[in-house]
Amino acid sequence: LDRQARQPLAEYLHTAVDNLVFVPNATHGVNIIARSLALAPDDEILTSDHEYGACDYTWEFLCQKSGARYKHQPIPLPARSEAEMLAQFWQGVTDRTRVIYLSHITSPTALRLPVEAICQRARQAGILTLVDGAHAPGQIDLNLDALGADFYTGNLHKWMLSPKGAGFLYARPD
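Residues numbered from 1 in each chain as written. Predicted model: local features only at pLDDT ≥ 70, side-chain atom pairs only at ≥ 80, totals over all residues. Heavy atoms only, no water.

**Q** Teacher, can you tell me more about the nonpolar core here?
**A** In globular proteins that are soluble, nonpolar side chains generally tend to be buried together. In terms of nonpolar packing, the biggest core is built from 33 residues, with Leu20, Phe89, Ile100, Tyr152 and Phe168 touching the most fellow members. Mapped by element, the contributors of at least two residues to this core are α1 (2-13), α4 (82-90), β4 (97-103), α5 (115-125), α6 (144-147) and β7 (167-171). With near-sequence residues (within four places) excluded, Ile100 lies in contact with Leu46, Phe89, Trp90, Val93, Ile118, Ala122, Ile127, Leu128, Thr129 and Leu130. (Core = buried A, V, L, I, M, F, W, Y, C linked by side-chain atoms within 4.5 Å. Buried < 20%, exposed > 50% of the residue type's maximum accessible area, 1.4 Å probe, protein only. Helix = DSSP H or I, 4+ residues; strand = E, 2+ residues; numbered from the N terminus. Contact = heavy atoms within 4.5 Å.)

**Q** Please explain the layout of surface pockets as it appears in this structure.
**A** Any space left empty among the atoms is revealed by the rolling of a water-sized probe across them. Taken as a whole, the largest pocket spans an internal volume of roughly 160 Å³. Along the walls of the largest pocket sit 13 residues, with Thr27, Tyr52, Ala134, Asn155 and Lys158 positioned nearest its centre. (1 Å grid on protein atoms, 1.4 Å probe; cavity = no way out; pocket = protein on both sides within 12 Å on 5 of 7 lines; lining within 4 Å. Points joined across faces, edges and corners; volume = space filled by probe spheres on them.)

**Q** What is the right way to read the packing of aromatic side chains from this model?
**A** The description of an aromatic ring pair uses the distance of the two centres, along with the angle that the planes make with each other. Counting across every chain of the model gives three aromatic pairs. Both rings, one in Tyr152 and one in Phe168, keep their centres 6.2 Å apart while their planes meet at 5°; by these two values the pair is stacked. Of this pair, Tyr152 sits in strand β6 (residues 151-155) while Phe168 sits in strand β7, and the two are 16 residues apart along the sequence. Summarising the burial analysis for this pair, Tyr152 and Phe168 share the class buried. Every member of this aromatic cluster is reached through a ring pair, and the members are Trp59, Tyr70 and Tyr101. (Phe/Tyr/Trp six-rings, centres within 6.5 Å; stacked < 30°, edge-to-face > 60°.)

**Q** Any chance you could explain the pattern of salt bridges here in plain terms?
**A** Pairing is possible between side chains that carry opposite charge, provided their charged atoms lie close to one another. Inspection of the entire model under this criterion finds eleven salt bridges. Residue Asp174 pairs with Arg172 through a salt bridge whose shortest N-O separation is 3.0 Å. The exposure class assigned to Asp174 is exposed, which follows from its relative accessible area of 70%. Relative accessible area serves as the criterion here: at 22%, Arg172 is assigned to the partly exposed category. (Salt bridge = Lys/Arg side-chain N within 4 Å of Asp/Glu carboxyl O.)

Next comes the structure, spelled out in structure tokens:
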């Protein structure tokens, strides 16, 4: 029954049904991935300065416990182009960057971050990516396989008109 329920969502998100699981919401999905990582004291988690508070708190808590560093890279407003946002964000990457965590569409500013380009560049650098798509499904077309994130989590209750408690977590099959 669960697989049958995930099938139309997988088709909508352009991925295989086995790449998705249901979660209560995107924040829950972020917590699943963040808490499954074995962070070391020299690791850095890079994010933007436009992120959702509850997820920031999760990363701050886990970094405090592990000694890793949670780093907010500024992306000044107004953002003039995707290339400019990518360049500004990438200035925060160091040889210690282990994870990039970003919102697809940010909660506080409604900025659509260039996650496709960031994920592609991160993959080339061997950096794990987690995209918080809480506000994306139903607002923009999503092709999760093409997007390139290692993990993507989203809500279905915001713009897809599903009941609260309907979210998903995507994991790249490789």
